[in-house]
Amino acid sequence: MPELPEVEVSRQGLLPLLRGQRILGAVVRTPRLRHEIPPDLASRLTGLRLDGILRRGKYLLLDCESSARGGWIILHLGMSGSLRLVPPETPPRKHDHVDLVFGQSVLRLRDPRRFGAVLWHAGGDVESHPLLAALGVEPLSEGFSGDWLYAATRRRRVAIKPLLMDSHLLVGVGNIYAAESLFRAGISPLRTADRISLARYRRLVTAIRATLEAAIAAGGSSVRDYVHSDGGAGCFQLSCAVYDRAGQPCPACAGEVRTIRQSGRSTFYCPRCQR
């Protein structure tokens, strides 16, 4: 599933190419993905200028003259989605569900599993939308600190790794990035959140920031379907210390990397380095 780094890479790649351009139309080839796509999306968008692209968690927020007569496209890539900029004459393929048509290019959403979302929010206050209002703290924001995470977990008697993936607490830290961050911080994914000291939480926050920034610099992780807007692939997964390396030697101590199941997901860790 595309997580914060993959969505941020998409945002950074699209913004300089599309900002300031007029939307000439929209083509919707399916009535719904995870949610119903507004049937009047094309008429709402046609003629609006794209003023910017923001990110909130794993959502891309396309500012279509929201400060004046327009609003926002709220876009989620789901489990298998990707955005591509293609020439207008490029024929759609089987899973190409939505096009936003600009002058020299088309922004095309491909989503084989149809768990993505394309929604419209009229007006300027996009963060009031129900899908965004309940989201937690951005891990690359100033508000994310070891002191905040320590205070937020004092009564959370759950394992730290699935808690890091709880979007109501913290947004965008998916399975790969939670595992790699805990390894960098030397914290076991099995340790309960209320049994981690303030000093270790400060170290964990530093590790989360470093992991996400490294992933963004590497173009994200292309494990299955995710590709960049230009068709390229991310390569962060090639440098992972523990993720998907069960049975292999730990790069720090040469002990065996192990895997367990937590909340239905595979967790990879080094029992020697992480306590």
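In the block above lies the structure referred to throughout.
Note on numbering: residues in each chain are counted from 1, in written sequence order. With the structure being a predicted model, the display of local features is reserved for residues of pLDDT at least 70 and the display and counting of side-chain atom pairs for 80 or more, all residues being used for whole-chain, interface and lining totals. Side-chain metrics rest on all non-hydrogen atoms present in the structure, leaving aside hydrogens and water.

I'm lost on the sheet that holds strand β4 (residues 71-76) in this one. Help?
Sheets are built from strands that pair by backbone hydrogen bonding, the pairs being arranged parallel or antiparallel. Paired strands, in this sense, are two strands between which DSSP finds at least two bridges. The helix and strand labels rest on DSSP assignments: H or I over at least four residues marks a helix, E over at least two residues marks a strand, and numbering proceeds from the N terminus. A sheet is described by the order of its strands in space; here four strands give the open sequence β2-β3-β4-β8, paired in antiparallel fashion. Lying at the two open borders of the sheet, with one neighbouring strand each, are β2 (50-56) and β8 (117-122). Across this sheet, the average inter-strand angle for adjacent strands is 20 degrees, counted without regard to direction. Relative to strand β3 (residues 59-64), β2 runs antiparallel, the two sharing six bridges. Bridged to arginine 56 within β3 is tyrosine 59. Seen against the sheet, helix α1 (residues 4-18) touches β2 and β3 and runs at an angle of roughly 170 degrees to β2. Inter-axis angles, ranging from 0 to 180 degrees, are taken between N-to-C directions of lines fitted to C-alpha atoms, where helices are fitted over the stretch in contact. The contact rule is simple, with two residues in contact once any of their heavy atoms fall within 4.5 Å.

Would you explain the environment of methionine 79 in this entry?
Mapped onto the fold, methionine 79 is located in the loop between β4 and β5 (82-86). Discounting residues that sit within four places of it in the chain, methionine 79 has contacts with Met1, Pro2, Arg113 and Phe115.

Where do I start with the pattern of salt bridges in this structure?
Two side chains bearing opposite charge may form a pair once their charged atoms approach each other closely. We count a salt bridge whenever a side-chain nitrogen from Lys or Arg sits within 4 Å of a carboxyl oxygen from Asp or Glu. In total, this model carries 17 salt bridges according to the counting rule given. Two residues, aspartate 99 and arginine 29, come together in a salt bridge whose shortest N-O distance is 2.5 Å. Here the residue aspartate 99 occupies a position in strand β6 (residues 96-101), and arginine 29 occupies one in the loop between β1 (25-28) and α2 (41-45), the gap between them amounting to 70 residues. The exposure class assigned to aspartate 99 is buried, which follows from its relative accessible area of 3%. Only protein chains enter the accessibility calculation, which uses a 1.4 Å probe; a residue whose area is less than 20% of its type maximum is buried, one above 50% is exposed, and one in between is partly exposed.

Can you help me understand the packing of helix α6 (residues 175-185) against helix α7 (residues 198-217) in this one?
In a packed pair of helices, the relevant descriptors are the angle between the two axes and the axis-to-axis distance. Two elements in contact, α6 and α7, have axes whose closest approach is 8 Å; the angle formed by their N-to-C orientations is 130 degrees. With respect to their mutual orientation, α6 and α7 come out oblique. Handedness of the α6/α7 crossing: right-handed. From α6, Tyr177, Glu180, Ser181, Leu182, Arg184 and Ala185 reach across to α7, where they touch Arg203, Leu204, Ala207, Ile208, Ala210, Thr211, Leu212, Ala214 and Ala215. Residues were grouped as follows: Ala, Val, Leu, Ile, Met, Phe, Trp, Tyr, Cys and Pro as nonpolar; Asp, Glu, Lys and Arg as charged; and all remaining residues, including Gly, as polar. Residues of the contact of α6 with α7, tallied by class, amount to 10 nonpolar, two polar and three charged. By definition in this entry, angles of less than 35 degrees are roughly parallel, angles greater than 145 are roughly antiparallel, angles of 65 to 115 are roughly perpendicular, and the rest are oblique. Handedness of a crossing is defined here by the sense of rotation of the near helix relative to the far one, left-handed for an anticlockwise turn of less than a right angle and right-handed for a clockwise turn.

Help me understand the pairing of β5, please; the structure alone is not making it clear to me.
Put simply, side chains in a regular strand alternate between the two faces of the sheet. Along β5, four of the five residues are buried, which leaves the element largely enclosed by surrounding structure. Pairing of β5 with strand β7 (residues 106-110), which is carried by five bridges, proceeds in the antiparallel orientation. When the sheet's bridge partners are listed, leucine 85 is paired in β7 with leucine 107.

Even after reading the chapter, I still don't get α1, so can you show me in this structure?
The α-helix advances 3.6 residues per turn, and as a result positions three or four apart in sequence lie on the same side. To estimate how far a helix should extend, the number of its residues minus one is multiplied by 1.5 Å. Along its 15 residues, α1 runs 21 Å from first to last C-alpha, staying within 8% of the 21 Å computed at 1.5 Å per residue. The element α1 is largely enclosed, with a buried count of 11 among its 15 residues. Leu4, Pro5, Glu6, Val7, Glu8, Val9, Ser10, Arg11, Leu14, Leu15 and Leu18 are the residues of α1 that are buried. Remark: glycine 20 follows α1 within two positions and exhibits a positive phi of approximately 90 degrees.

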